[in-house]
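Residues per chain, in single letters:
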Amino acid sequence: MSAVELVGLRKSYGNVTVLDDFSLRANPGELVTLLGPSGCGKTTTLRCIAGLERAESGEIRIGERLVACPERRVYLPPNRRDIGMVFQSYALWPHMSVFANVAYPLRVRRRDRRDRHRAVMEILAMVGMDRFAQRPVTELSGGQQQRVALARAMVARPAVLLFDEPLSNLDAKLRRSMRREIREAHDRSGATSIYVTHDQEEAITLSDRVVVIRTGTIQQVGTPREIYTEPATRFVADFVGFENLLTATVSEVRDGSTGVQLKSGAGPVWTSKGIARAPGTEVVLAARADELEIGSLGARGEPPAAAIAGVIRSRTYAGGRVEYLVEAGGARVVVRTPEAGAGGSLLDAGGGAWVRFPADAAVLVDDENAERAPQEAEPAAESVPVQGAT
Ligand SMILES: Nc1ncnc2c1ncn2[C@@H]1O[C@H](COP(=O)(O)OP(=O)(O)OP(=O)(O)O)[C@@H](O)[C@H]1O
Ligand SMILES: [Mg+2]
């Protein structure tokens, strides 16, 4: 098994720098996901690893081998890197059968005919496509083509598998089942895999570790649980689906727990999760809608301690749950409760409500938006679809 290591990679197209001092390590046998929005440099990173793009500086290692380093004039072509790649659009050869597509990497490697036949049929059986070996690939459904692309990437048993958003063309149900199959195929192959996606659910459910990327720089590296429950920055929190990101100021620090005062005036809200900052520091309180509590202000009009009082702007049925949008102290807060929650009855839009942050329900994250605002203003994607060889 081989580790994949990128050190200080820099890659530009013309005068646009896509990757800047980009470093990353996938341990042997690990499945690492690159998660980030469109145009942040995910495909560029994969193409540099595969040798389909050349970086301007930095190092790429696969196992013990240095496969690219412009400073030392090292560049190994794709076919000598022992890599299998699955492209977003599959990139199968339309004029070839399923069998011929999958056999191609073995022909390039000059495996003998009998060997080739056995290896292709074995891998097709693994992805459930052996019955279709002689079909032209143009007569397959999207999901079937995806399996063929997966088989082609894996047939030569490469040390490294690269996946570029391989499931984005499939419907939600097929995506979930293919996700499990890719994970099983990765486990069985013993390869080190780097998987690119912009779908946080996919990254969380599939990976050993997740790398969150924003405009060519790494925001956070962690296990799926770490990324999901303790995002390090506002960007990560937003990207992994924290609906509520509220500006707050640290007011007290006690026994590893931090109390913050929301900008809207409510608080203190206490949490021991996330960054630790001194009193007076401005932070962002990130909370998932499902973690918050809501109740009617009722006749007494008195919210419980540390709750924000506000008005329900909307109520939406969200499949077994109910989602409220509450405007409170200048902030908009989203709360989701079980249908029979909030004391058993639904609250009405237009009514007064309180929203409470139970202890440790929220995470404190850095607000790096202020300093990065100019980059945010750039349009994200005049993205060119890029394709390569096998
Ligand atoms: N061949 C190219 N020439 C010029 N610019 C390019 C080229 N390929 C990519 N870019 C630019 O580099 C940036 C990163 O592109 P990349 O394809 O790596 O993004 P991505 O994260 O894979 O996005 P997506 O999720 O949309 O596939 C984008 O701004 C894109 O427009
Ligand atoms: Mg891409």
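Keep in mind that what you see is a predicted model, and the values were worked out from it rather than measured.

The rules behind each value
Residues numbered from 1 in each chain as written. Chains lettered and ligands numbered in written order. Predicted model: local features only at pLDDT ≥ 70, side-chain atom pairs only at ≥ 80, totals over all residues. Heavy atoms only, no water. Helix = DSSP H or I, 4+ residues; strand = E, 2+ residues; numbered from the N terminus. Expected span 1.5 Å × (residues − 1). Buried < 20%, exposed > 50% of the residue type's maximum accessible area, 1.4 Å probe, protein only. Arc of directions from axis to C-beta. Contact = heavy atoms within 4.5 Å. Polar contact = N/O pair within 3.5 Å; in protein donor to acceptor, adjacent residues only side chain to side chain. Pairing = 2+ DSSP bridges. Axes fitted to C-alpha atoms, helices over the stretch in contact; angles between N-to-C directions. Domains from an automatic or database assignment. Buried area = accessible area lost by both parts, 1.4 Å probe. Salt bridge = Lys/Arg side-chain N within 4 Å of Asp/Glu carboxyl O. Nonpolar A, V, L, I, M, F, W, Y, C, P; charged D, E, K, R; others polar. Disulfide = S-S within 2.5 Å. pLDDT = per-residue confidence, 0-100. Near = heavy atom within 4 Å. Areas by Shrake-Rupley, 256 points an atom, 1.4 Å probe, with all protein chains shown as cover.

### So, helix H3 (residues 113–126)
Then comes step 1: Taking 1.5 Å per residue as the helical rise, H3 with its 14 residues ought to reach 20 Å, and the 20 Å between its terminal C-alpha atoms agrees with that figure.
Then comes step 2: Along H3, the residues that are buried comprise Arg 116, Ala 119, Val 120, Ile 123 and Leu 124. Down the axis of H3, the buried side of the element spans an arc of 130°, and every buried residue falls inside it.
Then comes step 3: Along its buried surface, H3 packs onto helix H2 (98–108) and helix H4 (142–154).
Then comes step 4: The opening residue of H3, the one whose side-chain oxygen lies 3.0 Å from the backbone nitrogen of Arg 114, is Asp 112.
Then comes step 5: Positive phi shows up at Gly 128, right after H3, with a value of about 70°.

### Topic: the sheet that holds strand S12 (residues 244–254)
Then comes step 1: If you trace the five strands from one edge of the open sheet to the other, you get S14-S13-S12-S15-S21, paired in antiparallel fashion. The open sheet has two edge strands, strand S14 (269–271) and strand S21 (362–365), and neither has a second partner. Strand after strand, the sheet turns through a mean of 45° between neighbouring axes, direction not considered.
Then comes step 2: Direction of pairing for strand S13 (residues 257–262) relative to S14: antiparallel, over a ladder of three bridges. Of the residues in S14, the one forming a bridge with Gly 259 is Trp 270.

### Some details on the domain arrangement of the chain
Then comes step 1: In terms of domain boundaries, the chain breaks down into domain 1 (4–229) and domain 2 (234–373).
Then comes step 2: Each of domain 1 and domain 2 has a C-alpha centre, and these two points are 39 Å apart.
Then comes step 3: Residue-level contacts link 15 residues of domain 1 with 11 residues of domain 2.
Then comes step 4: Buried area between domain 1 and domain 2, summed over both chains or domains, comes out near 1200 Å², and the portion from carbon and sulfur atoms is 58%.
Then comes step 5: Taken together, the connections running from domain 1 to domain 2 amount to zero salt bridges.
Then comes step 6: Taken together, the links from domain 1 to domain 2 amount to one residue pair in polar contact (both at pLDDT 80 or more).
Then comes step 7: Contributing elements (two or more residues each) for the side of domain 1 that touches domain 2: strand S10 (209–214), strand S11 (217–222) and helix H7 (224–229).
Then comes step 8: Of the residues contributing to the side of domain 1 that touches domain 2, the split by class is six nonpolar, eight polar and one charged.

### Section: unusual backbone geometry
It is generally the case that most residues other than glycine have a negative phi and that most peptide bonds are trans.
Then comes step 1: With a phi angle near 40°, Glu 165 is a residue other than glycine that sits in the positive phi range.
Then comes step 2: Within the secondary structure layout, Glu 165 lies in the loop between strand S8 (160–164) and helix H5 (172–189).
Then comes step 3: One non-glycine residue, Thr 215, adopts positive backbone phi at about 35°.
Then comes step 4: Inspection of the secondary structure puts Thr 215 in the loop between S10 and S11.

### A word on the state of the cysteines
Then comes step 1: Under the definition given, this model contains zero disulfides.
Then comes step 2: Cysteine Cys 40 is unpaired, with the sulfur of Cys 48 as its nearest cysteine sulfur at 13 Å.
Then comes step 3: We classify Cys 40 as buried; its relative accessible area is 2%.
Then comes step 4: As a non-bridged cysteine, Cys 69 has Cys 48 as the owner of its nearest cysteine sulfur, 13 Å distant.
Then comes step 5: By relative accessible area, which is 2% here, Cys 69 ends up buried.

### A few points about the confidence of the model for the chain
Then comes step 1: Confidence in the prediction of the chain, expressed as mean pLDDT, is 87, and 92% of residues score 70 or more.
Then comes step 2: Under a pLDDT of 50 for its full length, residues 370–390 has, in the predicted model, 25 contacts with residues more than four places off or in other chains.

### Some remarks on the pattern of salt bridges
Then comes step 1: The final tally for this structure, using the stated rule, is 27 salt bridges.
Then comes step 2: Note that Glu 56 and Arg 10 form a salt bridge whose closest N and O atoms lie 3.9 Å from each other. Of the two residues, Glu 56 is situated in the loop between helix H1 (42–50) and strand S4 (57–62) and Arg 10 in strand S1 (residues 4–13); the sequence distance between them amounts to 46 residues.
Then comes step 3: As a salt-bridge pair, Asp 348 and Arg 315 come within 3.2 Å of each other at their nearest N and O atoms. Remark: Arg 315 occurs in strand S17 (residues 307–317) and Asp 348 occurs in the loop between strand S19 (331–338) and strand S20 (352–356); sequence separation between them is 33 residues.
Then comes step 4: For Asp 348, a relative accessible area of 52% gives the class exposed.
Then comes step 5: For Arg 315, a relative accessible area of 37% puts it in the partly exposed group.

### Some points on the side chain of Thr 258
Then comes step 1: In this fold, Thr 258 is placed in strand S13.
Then comes step 2: Dropping the residues within four chain positions of it, Thr 258 is found in contact with Val 250, Glu 252, Val 253, Val 269, Trp 270, Thr 271 and Leu 364.

### Section: the site of ligand 1
Then comes step 1: Residues in contact with ligand 1 amount to 13 residues; listed here are only the nearest, Ser 38, Gly 39, Lys 42, Thr 43 and Thr 44.
Then comes step 2: Within the contact set of ligand 1, an oxygen atom lies 3.2 Å away from a backbone nitrogen or oxygen of Cys 40.
Then comes step 3: At a separation of 2.5 Å, an oxygen atom of ligand 1 approaches a polar side-chain atom of Thr 44.
Then comes step 4: Burial of ligand 1 by the protein chains amounts to 81% of its free accessible area of 640 Å².
Then comes step 5: Of the residues contributing to the shell around ligand 1, the split by class is four nonpolar, six polar and three charged.

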